[in-house]
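A look at the structure
The residues making up each chain are set out below.
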Amino acid sequence: MRRFRILIYLSLCFIVLSFQSCISRLRRPEITGVIVDYDKNPIANCKVGEALTDKNGKFRLDEQRYNAFFLTEMFAMEAPPLMVMEMVEKTDFQSDAISIFHKWGGGRRKGATYKIDTVFLRRINQTFNVSALLKNSDWKLGFTKYADTIYLVKDGFENWCKTDRCSPFYSEFQALTDNYIYGGKNLPEGMIRRTIDMRFSAEKSLFKLNMICEYRSTFEGPNRPADTTNTTGNFQVLDNTKMILDAGKVKQLTGKYNISDVDLYQMKLTKMN
């Protein structure tokens, strides 16, 4: 009986100590980077989370951690998710946000860091010369089922886009170009991927277009090989707000469009009736 009481006592002590014991979890890694405008000039006194950038546009957000009950975490069987959102704000500029998500990122050890490098902040009412933006550059193109909307993404987009302001545009573009990975339903029946590369001329309003269409493979066969289309076309920008496209062999893209969205590395065209 005495031994039984001792075991009960020790078990209770273990339970109490377990609930009082804590494990360190990551709330936010140390985040460092630099904020610049579209001319690559550093932006001083820009608010990033609770910090302000220095004269060189640099900022640092300290690592943040919290304590969680060991027993609760043990029953969960995995590290908690990491979800971070820090606002980027400066007068006369569009507000933006730095977001980090990792399914099990809360389990990282002390000393976790995240280097975002350069963040480009756009001025309010900033305009662009569309013809100059396209000149002598490479873009990828995606379009909706009836080609009433075209998404253009410039090479280098992923290195430029590191914040919440531009990332939704890329997600929409991907859904138009890849039914296999991104689960879109935009492409014709049987097609899983459509890759379109456009090379705009350095001198004239001309472009070269390469389109590759890939199709679903089956075990029954015969499998359809990828289709490749190479063509040349021309474009005309009107008043920096409209564009006329002649896409050569890819006739569904030929037409007159409103330039409904434009940024350094992205453009959206909406077909006019």
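Residues numbered from 1 in each chain as written. Predicted model: local features only at pLDDT ≥ 70, side-chain atom pairs only at ≥ 80, totals over all residues. Heavy atoms only, no water.

Turning next to unusual backbone geometry. A negative phi holds for most residues other than glycine; trans holds for most peptide bonds. The backbone of D117 sits at a positive phi, close to 60°, despite the residue not being glycine. Following the sequence through the fold, D117 ends up in strand β9 (residues 113-120). In this model, N125 sits at a positive phi of 65°, which is unusual for a non-glycine residue. Positionally, N125 belongs in the loop between β9 and α3 (130-134). (Helix = DSSP H or I, 4+ residues; strand = E, 2+ residues; numbered from the N terminus.)

Relative to the helices and strands, A226 is located in the loop between β13 (206-215) and β14 (227-238). C-alpha of A226 to C-alpha of I212: the two residues are 14 residues apart in sequence and 6.6 Å apart in space.

This part covers a nonpolar patch on the surface. Among the surface-exposed residues, Y180, I181 and Y182 lie close enough to one another that they form a single nonpolar patch of about 380 Å² accessible area. Mapping I181 onto the fold places it in helix α6 (residues 179-182). With relative accessibility at 55%, the residue I181 sits in the exposed group. (Patch = residues over 30% accessible without salt bridge, like charges linked within 9 Å, V, L, I, M, F, W, Y side chains within 5 Å. Areas by Shrake-Rupley, 256 points an atom, 1.4 Å probe, with all protein chains shown as cover. Salt bridge = Lys/Arg side-chain N within 4 Å of Asp/Glu carboxyl O. Buried < 20%, exposed > 50% of the residue type's maximum accessible area, 1.4 Å probe, protein only.)

Attention shifts here to the sheet that holds β13. The strand order β10-β11-β17-β16-β15-β14-β13-β12 describes a closed barrel built from eight strands, whose pairing is antiparallel. Looking at each pair of strands side by side, their axes are set apart by 30° on average, direction ignored. Bridge count between strand β10 (residues 138-143) and strand β11 (residues 149-154): five bridges; the pairing is antiparallel. Its bridge partner being in β11, F143 is matched across the sheet by I150. Contacts from helix α5 (residues 167-177) reach β10, β11, β12 (191-200), β16 (255-263) and β17 (266-271) within the one sheet, and its direction differs from that of β11 by about 115°. (Pairing = 2+ DSSP bridges. Axes fitted to C-alpha atoms, helices over the stretch in contact; angles between N-to-C directions. Contact = heavy atoms within 4.5 Å.)

The strand order across the open sheet formed by three strands is β5-β2-β9, and the pairing between neighbours is mixed. Edge strands, defined here as strands with exactly one partner in the open sheet, are β5 (58-61) and β9. In this sheet, neighbouring strand axes are inclined to one another by 15° on average, regardless of whether the strands run parallel or antiparallel. Both strand β2 (residues 30-36) and β9 contribute to a ladder of seven bridges, which runs parallel. Within the sheet, the bridge partner assigned to V36 lies in β9 and is F120.

As a further point, take the packing of aromatic side chains. All told, the structure shown has ten aromatic pairs when counted by the stated rule. Each ring, one from F200 and one from F235, has its centre 5.2 Å from the other, and the planes form 90°; the classification is edge-to-face. On the criterion of sequence distance, the pair formed by F200 in strand β12 and F235 in strand β14 is long-range, its members being 35 residues apart. Per residue, the accessibility class of F200 equals that of F235, and both read buried. In this structure an aromatic cluster arises from ring pairing among Y38, F120, F128, F157, W160, Y170, F173 and Y265. Looking at K154, its charged tip hangs above the ring of Y265, at a distance of 5.4 Å from the centre. Its end group placed over the ring of Y215, R224 keeps NZ or CZ at 3.8 Å from the ring centre. (Phe/Tyr/Trp six-rings, centres within 6.5 Å; stacked < 30°, edge-to-face > 60°. Lys NZ or Arg CZ within 6 Å of the ring centre and 35° of its normal.)

Before going further, it helps to examine the state of the cysteines. Within this structure, the stated rule accounts for one disulfide. Paired through a disulfide, C161 and C166 show a sulfur-sulfur distance of 2.1 Å. With the S-S bond torsion at 105°, the cross-link from C161 to C166 turns out right-handed. Residue C161 shares its accessibility class with C166, and that shared class is buried. (Disulfide = S-S within 2.5 Å.)

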